[in-house]
Protein chains: 2
Amino acid sequence: MEKAPLRGNAAIPMSFPTSYHAVDDQQQLVNGQQFRSASISSDDEMIDITTTGTVTERSIHQDELAASHFAGDADDIPGIGQYDDFHTIDWQRDIARDRMRHRYIVKKKQDSICDLIKGAHDAWSGWVCVLLVGVFTGVVAGVIDIGASWMSDLKYGICPQAFWLNREQCCWSSNETTFDNGNCSQWWTWPEVFSQSREGVGPYIISYLFYIVWALIFAALAASLVRMFAPYACGSGIPEIKTILSGFIIRGYLGKWTLIIKSVGIMLAVSAGLSLGKEGPMVHIACCIGNIFSYLFPKYGKNEAKKREILSAAAAAGVSVAFGAPIGGVLFSLEEVSYYFPLKTLWRSFFCALVAAFVLRSINPFGNEHSVLFFVEYNKPWIFFELVPFIGLGIIGGVIATIFIKANLYWCRYRKVSKLGQYPVTEVLVVAVITAVIAYPNPYTRMNTSQLIYLLFSQCGVSNSDNLCDYNRNFTDVTSAIEKAAAGPGVYKAIWLLVLALIFKLIATIFTFGFKAPCGLFIPSLCLGAIMGRIVGVGVEQLAYHYPHVWMFSGECSTGDDCITPGLYAMVGAAAVLGGVTRMTVSLVVIMFELTGGVRYIVPLMAAAMASKWVGDALGRQGIYDAHIELNGYPFLDSKEEFAHTSLAADVMQPKRNETLSVLTQDSMTVEDVESLLRETEHNGFPVVVSRESQYLVGFVLRRDLNLAISNAKRTQEGICAQSLVLFTSQTPVQTTGPPPLKLKKILDMAPITITDQTPMETVVDMFRKLGLRQTLVTHNGRLLGVITKKDVLRHLKQMDNEDPSSVLFN
Amino acid sequence: MEKAPLRGNAAIPMSFPTSYHAVDDQQQLVNGQQFRSASISSDDEMIDITTTGTVTERSIHQDELAASHFAGDADDIPGIGQYDDFHTIDWQRDIARDRMRHRYIVKKKQDSICDLIKGAHDAWSGWVCVLLVGVFTGVVAGVIDIGASWMSDLKYGICPQAFWLNREQCCWSSNETTFDNGNCSQWWTWPEVFSQSREGVGPYIISYLFYIVWALIFAALAASLVRMFAPYACGSGIPEIKTILSGFIIRGYLGKWTLIIKSVGIMLAVSAGLSLGKEGPMVHIACCIGNIFSYLFPKYGKNEAKKREILSAAAAAGVSVAFGAPIGGVLFSLEEVSYYFPLKTLWRSFFCALVAAFVLRSINPFGNEHSVLFFVEYNKPWIFFELVPFIGLGIIGGVIATIFIKANLYWCRYRKVSKLGQYPVTEVLVVAVITAVIAYPNPYTRMNTSQLIYLLFSQCGVSNSDNLCDYNRNFTDVTSAIEKAAAGPGVYKAIWLLVLALIFKLIATIFTFGFKAPCGLFIPSLCLGAIMGRIVGVGVEQLAYHYPHVWMFSGECSTGDDCITPGLYAMVGAAAVLGGVTRMTVSLVVIMFELTGGVRYIVPLMAAAMASKWVGDALGRQGIYDAHIELNGYPFLDSKEEFAHTSLAADVMQPKRNETLSVLTQDSMTVEDVESLLRETEHNGFPVVVSRESQYLVGFVLRRDLNLAISNAKRTQEGICAQSLVLFTSQTPVQTTGPPPLKLKKILDMAPITITDQTPMETVVDMFRKLGLRQTLVTHNGRLLGVITKKDVLRHLKQMDNEDPSSVLFN
């Protein structure tokens, strides 16, 4: 093949169009308070577009293309091609830029050994980066687990010999073999510290007070840290990560301060006994780690599209460490979070998730041998008939999830518009105190949510002494089968307490999720579902005990063994509520299966998840994450929703009928004309046409580049004045008088994506989704008619769904 | 919202362009012999485009669009819009058509109860269809498993009391507790049938002869059935299914005859003792079931794009039943097979895979309780140091896989061009006889390949009496740990036999894969890897026994227990070779993990799969499936490969410099002109422009539609003659004399995808992949310059890789 000399690539100018809409959308952010004070970490998503070289290897038709050649010196002008904060990225441009860089490195590899090493480093950097992300995610997760466990136990007491040990570790050091209620003599509860007694009213009140005070301290710390250092560290972060991965810039959202504050904050928030989990924030933390490490590798750090490949893998690692579920994590990243490039990064995401899980397992923060969070092992398989109650659980789960989503959204919207939003720390404190006061008396709400879930999932065996297992049965042997038995009074008492816990947890979570501290809702959702499932499970079990000869129980339940496992119902119920809340499907089933190690129970889990999703979809369109994305007005174009209307591109494009389209001409406008156009309009980019009369499209140029190029030319080129012609062509017109022309072909994108005005909007939406466009130009018989931006598409979608189109805020 | 009256959709004409290239590409098929006699099943992929209605709901700008309205009566003309065999489908068109149908049903739902039921049926049909596909796939897999097991045993003997039982079932009916080498008195081997003796030279020869004769009979039956009834039933089918799912039409490839013959043929081929597996063909069989059931639901049966959603789910079900791995099946379908819509169908694919696995498990063809194919349980976890030999296994696996791929491709290419291809049945017979003759003497090749894999995977325990477990150790107790021991002479003998088996299997599989009988290569690949792994494993084990104090073994191996499990090495080696051959990644690891139930061994499996893939990619670009796709010249645009060149659309488009573009004008050509254009060119479609001078693009029309519309008009409309003007506009020109014009606006696609000539080819390739295009029109400043079809893109890719561009055969 013939080799061409070094020259710029004709088709990929150094700068590309940004979107067409007004630039000052950020100013609409006054409602989105969480974005207000993001300044401290704004350096974390710096972008530098400087492409080191533009060597191209062209073999055919070089001569034909000589005309479109340009010098490739656009990187002389500083700042050209960067993205503004809260803007949408252009995937095609970034990916093209990466391929150019890659070709340059491959080409240079033959030059010297140094370049060869550089080439190898470049080829490996993706793997090295995800390896580092995996390792650090595992380590951070381990630290958070250990810290949260220690602080949670601090609410109840302290280990006087070694205050840095939590209760379990403290008791390991003692030699007692049995612990009463998990307490040992080494571990001092707060009443013991002060009055040396455990029972009675006085100690109870002391414990109660300490519980509330610690909750208050932890919550205050968490909320203040977030408010002072990293406002982006609040919430679960998953809606924002979905938006970022779909190609949006939020500077500092994945920065180092967010990482630190979110890690500390989530430990504090979990320890405060609030109704929240650390699993969602773990995804955010992992993505912060991914973002930070991507800066070690310019290939990823300086290219927003490539960076999202690392973030995708990091999200998988986040779920992997949160639940000990690497496969589930990859599927979660694929199904729920990632947007644009699922398959290419699948293998790397899997690697990252596996490394993270492996590191966390080696740290072993819980000190048990089971690698899964809620390891369960049931004696009995499920009966086919049980699919009916499982589907029933799915339906109830879907209803509970819908209630939760609607109520939570209502409360979040109220927070946004009312004065409440101005007192974030106070809100957290009030929620924390109320939660602590109500939670303490009920043993099921007092205990750690994870412990409660584990208790509800587990089967009543010999060692289980909880009220829930107060059956009229005697265990003769550890290995013997569990016999069928009537429930004792303890079970009924437990059921009542669980009903109260369910109501309390539901209300608490509604008010908790969305406040200004780190909070996830995987664990609260699982807990709601597990309570519901366990109650239904006990009901079915007692039904089978009292009516063993009804046809549905007659097969398996006629022997003396217990044929119904209430723990399995809890597991299925947990999957149902979580599925209803998040609308996850395959990833949910795989996570539950990895979470519990229950290979045999995929079918029940699937049945419940399916029923729950259908009920949820029927009652309310969106899952909680999509609802929060909409609430915040992020420009997220859901890749799963179908566009069901018949509009055409002509219906959606700007300008509307009575307006005129702002365009530049290729060779007839002066600098003055261009500057006045820039002053008078707010569009982010302008199409360039042959002439104003013909409107035949030449290319697209963006406001930012135009501004920069003009001011740069005025500064550096001699003779450029208001009367200079602005040329977007390569030929200089015959012009003997007047000032020299300003040549701007290098900032012109000569390959904008165009569609005809008759294109159905479903095709347009598809193109925006799949090609990651920011805007497309609409033509008719070759003439330019208008522009459609991502924001136009989103607003049109809202309008079609009879919603307020102005709720879409950003470009 | 305002409702528009019933009318056609302005933007989606009933017919769409096909590609621009010559129509008679099928004639190049003389080399691809497998396509020659496909006529018997050509009715299986009938397509009927008749859209039941074109109700549209338009709310805005109706008036503006009135001009582009058309009567929507294009379905008057029979045959418009169908696809020809061996052509590429247009995803955008099919999906738009489905949405139109969906809108019509939603709209009509309010009219009557009957329509409401129809609407509900439509909404549920996807789930019902995958349910049916899952159930039937499970049943067919069960039948194949039972049949293949019975016929395999027929080679050795018969159950005289009940000839329909296989050896295992036959022996269940006897009351003996121990079987010598799996034989019991109920089961008569062939020598016993004739001479009542089992030992000695005579019986050995009789057994040998019977083995060969049965192999010959089975192979002859399999090859003849395929040759006579369903030529598409040969091979594994996965390359073709990948191509079909990427949007290609091969009529009859997924038809009922293919299903029946492939099911019977794979039983016969497996029983013949050939070096092949039934796992790959199971995917093909599942896809046939998916295709057949999709005809029950017009939503899927009559829409090629929607049908591929069902096929995707069916492929997942196929892998799910082949390995008992539902999650692995879904990931396989996602990663390896599916192309265009992975996420939308994920949940349904998972459902389908789970139902299929559940049904197969209920049938329980193997009669054991483990749901996984090769259930293993090792006593010892792996040591961190072992990652080194595991990665070594990955490297060797990659090398073996590359040797296999290159040799197999060489042989297949030779078969295509030489006379060998004319004797497919003879070839199968010769391979079968040679395989049988060589395989019988070696016990490891004589046994069923699955049994061999299971043997190699398993740990040497008390019950294992094979030579491979001839260690100098005594078992005191079933539950005691396995002590470290030196290998006995049996092990060394076994190793030698395994080396011979490895060489033989490798050569046999090279000649087997690709011949004209059903054959898969999952099991042979796993077997090659397992043999290799076991040999290495025994080596490492003996190393650890003889040098227990070397640093790398000093931690875990210093106690008396066996610290190295050779079975685990076999498992890792199997993953390595399979990974190298197919280049699967995540799905491979998940399948292996589900196949063996070994949760703890994900990290070793992953390390080996990774090493193997990298070695494979370094030595030869393609996996076996992609290589076979290329060999057959299918138009498959790989979604994983990156386009690494700098060409522009202008370099690739047709026509080249000295040719002229064949176009139609919107209102100045007569029927005669159009007909002569159709006669003189072979393009599958023509752009329509404003005038030949201006070349401004109006739309695109396809040859097939044009032919049909003209002949239809001549038949039904009065006055249409050779001088009639052909109009693609809605206005009738002022024309008083002459014959009435022929209005063809209804067959014009007014929303063709266009790009500019300066668009980089990487963007163009991306658009072809992601939007599923057949062609795109190239413009410059609004003027039409040329056309790029999928075939042009594929040929350009070949050219860039210095390969023969004419190897791309189809449109």
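Residues numbered from 1 in each chain as written. Chains lettered and ligands numbered in written order. Predicted model: local features only at pLDDT ≥ 70, side-chain atom pairs only at ≥ 80, totals over all residues. Heavy atoms only, no water.

A. The arrangement of the overall build of chain A in detail. Across its full length, chain A carries 29 helices and 11 strands. In chain A, which comprises 811 residues, the share counted as buried stands at 64%. Within chain A, contacts between residues at least 6 apart in sequence are counted, and of these 76% link residues at least 24 apart. Here chain A has roughly 29,600 Å² of accessible surface; of this, 60% comes from carbon and sulfur atoms. (Helix = DSSP H or I, 4+ residues; strand = E, 2+ residues; numbered from the N terminus. Buried < 20%, exposed > 50% of the residue type's maximum accessible area, 1.4 Å probe, protein only. Contact = heavy atoms within 4.5 Å. Areas by Shrake-Rupley, 256 points an atom, 1.4 Å probe, with all protein chains shown as cover.)

B. Broad picture of the pattern of salt bridges. Applying the stated criterion to the full structure yields 39 salt bridges over all chains. Put simply, Asp145(A) and Lys278(A) hold a salt bridge, and the shortest N to O gap is 3.5 Å. One end of the pair, Asp145(A), is in helix H3 (residues 113–154); the other, Lys278(A), is in the loop between helix H8 (256–271) and helix H9 (279–294), with 133 residues separating them in the sequence. Lys278(A) carries the same exposure label as Asp145(A), and that label is buried. As a salt-bridge pair, Arg308(B) and Glu304(B) come within 2.7 Å of each other at their nearest N and O atoms. With Arg308(B) and Glu304(B) both in helix H11 (residues 304–323) and 4 residues apart, this pair spans about one turn of that helix. The pair formed by Arg308(B) and Glu304(B) is uniform in burial state, with each residue classed as buried. One network of salt bridges, with partners in common, ties together Asp98(A), Arg101(A), Asp122(A), Lys306(A) and Glu309(A). (Salt bridge = Lys/Arg side-chain N within 4 Å of Asp/Glu carboxyl O.)

C. View of the nonpolar core. Core analysis: the biggest nonpolar cluster contains 370 residues, and Phe457(A), Ile788(A), Phe457(B) and Ile788(B) have the highest contact counts within it. Setting aside chain neighbours within four positions, we find Ile788(B) in contact with Ala649(B), Val652(B), Met653(B), Ile755(B), Met761(B), Val764(B), Phe768(B), Arg774(B), Gln775(B), Thr776(B), Val778(B) and Val793(B). (Core = buried A, V, L, I, M, F, W, Y, C linked by side-chain atoms within 4.5 Å.)

D. Main features of the environment of Ser639(B). Residues and elements named next belong to chain B. Relative to the assigned elements, Ser639 resides in the loop between helix H24 (624–632) and helix H25 (649–652). With a relative accessible area of 32%, Ser639 lands in the partly exposed category. Beyond its immediate stretch of four places on either side in the chain, Ser639 contacts Tyr339 and Arg769.

E. Spatial organisation of the environment of Leu588(B). Residues and elements named next belong to chain B. Take Leu588: it is sitting in helix H22 (residues 586–596). Judged by its relative accessible area of 0%, Leu588 is buried. Other than its neighbours up to four places away in sequence, Leu588 contacts Ala575, Leu578, Gly579 and Ala609.

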